[in-house]
Amino acid sequence: MTTKLKSVILDFDGTIADTRALIVSTMQQTIAELCLPSRTDDECAAMIGLPLKQTFTDLIPMDDAMGDLCAATYRRLFAENNVPGAVPMFPNVKDTILRMHAAGMLVTVASSRLRPSLTAFIDEMGLAPYIPYVLSVSDVERAKPAPDMVLKTLRENNLRPEDAIVVGDTMFDIRMAHAAGVKAVGVTYGNGSRASLEAERAEWIIDDFSELEKVLFLRN
């Protein structure tokens, strides 16, 4: 297999790992514990991909101090809920990543998750040997949908925008990619919708992670 691309930049939540149930249930526990106005599971899930504090401040009107309290409460509850095996990988993710790695591609991650939980998940899933470069929200000044994570990935790995592609499940991932001048693949099985990915003009939309190989290795 050959490709003009040198690197693939992967989102984590909703792209590599099925964290929706764990995240949404922890958000709902946080809302209940702090006696905040209720929100539906779908409303909570629509915030996935944003920095943690912003998931609450965008979801429910609140001041800055309450946003900080939401984030702290969520982290405490998440640590309690995140038992081994609570977060599975989506189908075909690991095998596809291994094939991309074997083909000589640089596989990286750019996630709104904080580094400790992000690297712990990657290690637990046995992906660390195949993903040598990982960026978390704490590694950049501006979070998604700002282009900072993609630009930093390109800069620190001596890549040009045309050398890489971003893969993610939400409009925040697509906006981040395009703001950095990089093409994007939207996945429909995560937390976003096909309609939202189409609205953001993702260059490719796939329904299974394994379809990424067609994008990467069968490009004109």
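Model, not experiment: these values are computed from the prediction.

A. Local environment of the nonpolar core. Counting 53 residues, the largest nonpolar core has Val8, Leu10, Phe12, Ile97, Val109 and Leu212 as its most contacted members. Counting residues per element, this core draws most heavily on helix H1 (residues 20–33), at five residues. For phenylalanine 12, the contacting residues outside a window of four places in its chain are Ala17, Thr19, Val109, Ala110, Ser111, Arg113, Leu118, Phe121, Ile122 and Met125. Ile9, Ile174, Met176 and Leu197 belong to the second largest nonpolar core, which has 19 residues in total.

B. A look at the pairing of strand S4 (residues 164–168). Summarising burial for S4: five of the five residues are buried, a large majority. Residues of S4 alternate between two faces, with Ala164, Val166 and Gly168 on one and Ile165 and Val167 on the opposite face, all of them buried. Pairing of strand S1 (residues 7–10) with S4 involves four bridges; the strand directions are parallel. Paired with valine 8 across the bridge in S4 is isoleucine 165. Taken together, the four bridges between S4 and strand S5 (residues 183–187) define a ladder with parallel strand orientation. Opposite isoleucine 165, over in S5, you have lysine 183 as the bridge partner. Handedness of the crossover joining S4 and S5 through helix H8 (residues 171–179) is recorded here as right-handed.

C. Geometry of the sheet that holds strand S3 (residues 133–135). Read across the open sheet, the six strands follow the order S3-S2-S1-S4-S5-S6; overall the sheet is parallel. A strand with exactly one partner marks an edge of an open sheet, and here the two such strands are S3 and strand S6 (204–206). Ignoring strand direction, the axes of neighbouring strands in this sheet form an average angle of 20°. Helix H6 (residues 115–124) rests against strand S2 (106–110) and S3 of the sheet, and its axis sits at about 145° to S3.

D. Molecular detail of the packing of aromatic side chains. Considering all chains together, one arrives at five aromatic pairs under this definition. Their ring planes at 65° and their centres at 6.1 Å tell us that phenylalanine 56 and tyrosine 74 sit as a pair that is edge-to-face. Here tyrosine 74 lies in helix H4 (residues 64–81) and phenylalanine 56 lies in helix H3 (residues 52–59), a separation of 18 residues in the sequence. Judged by relative accessible area, tyrosine 74 falls into the buried class, the value being 8%. For the pair phenylalanine 90 and tyrosine 189, a centre-to-centre distance of 4.6 Å together with 55° between the ring planes defines the contact as tilted. In this pair, phenylalanine 90 is assigned in the loop between H4 and helix H5 (93–102) and tyrosine 189 in the loop between S5 and helix H9 (194–199), connecting sequence segments 99 residues apart. You'll find phenylalanine 90 and tyrosine 189 in the same group, each marked buried. An aromatic cluster of at least three residues, connected via ring pairs, comprises Phe12, Phe56, Tyr74, Phe78 and Phe121.

E. Molecular detail of the pairing of S5. The buried count for S5 comes to four of five residues, which makes it a mostly enclosed element. As paired strands, S5 and S6 are joined by three bridges and run parallel to one another. Note that in S6 the partner of valine 185 across the bridge is tryptophan 204. Crossover S5 to S6 through H9 is right-handed.

The rules behind these values
Residues numbered from 1 in each chain as written. Predicted model: local features only at pLDDT ≥ 70, side-chain atom pairs only at ≥ 80, totals over all residues. Heavy atoms only, no water. Core = buried A, V, L, I, M, F, W, Y, C linked by side-chain atoms within 4.5 Å. Buried < 20%, exposed > 50% of the residue type's maximum accessible area, 1.4 Å probe, protein only. Helix = DSSP H or I, 4+ residues; strand = E, 2+ residues; numbered from the N terminus. Contact = heavy atoms within 4.5 Å. Pairing = 2+ DSSP bridges. Right-handed = clockwise from strand over helix to strand, strands pointing away. Axes fitted to C-alpha atoms, helices over the stretch in contact; angles between N-to-C directions. Phe/Tyr/Trp six-rings, centres within 6.5 Å; stacked < 30°, edge-to-face > 60°.

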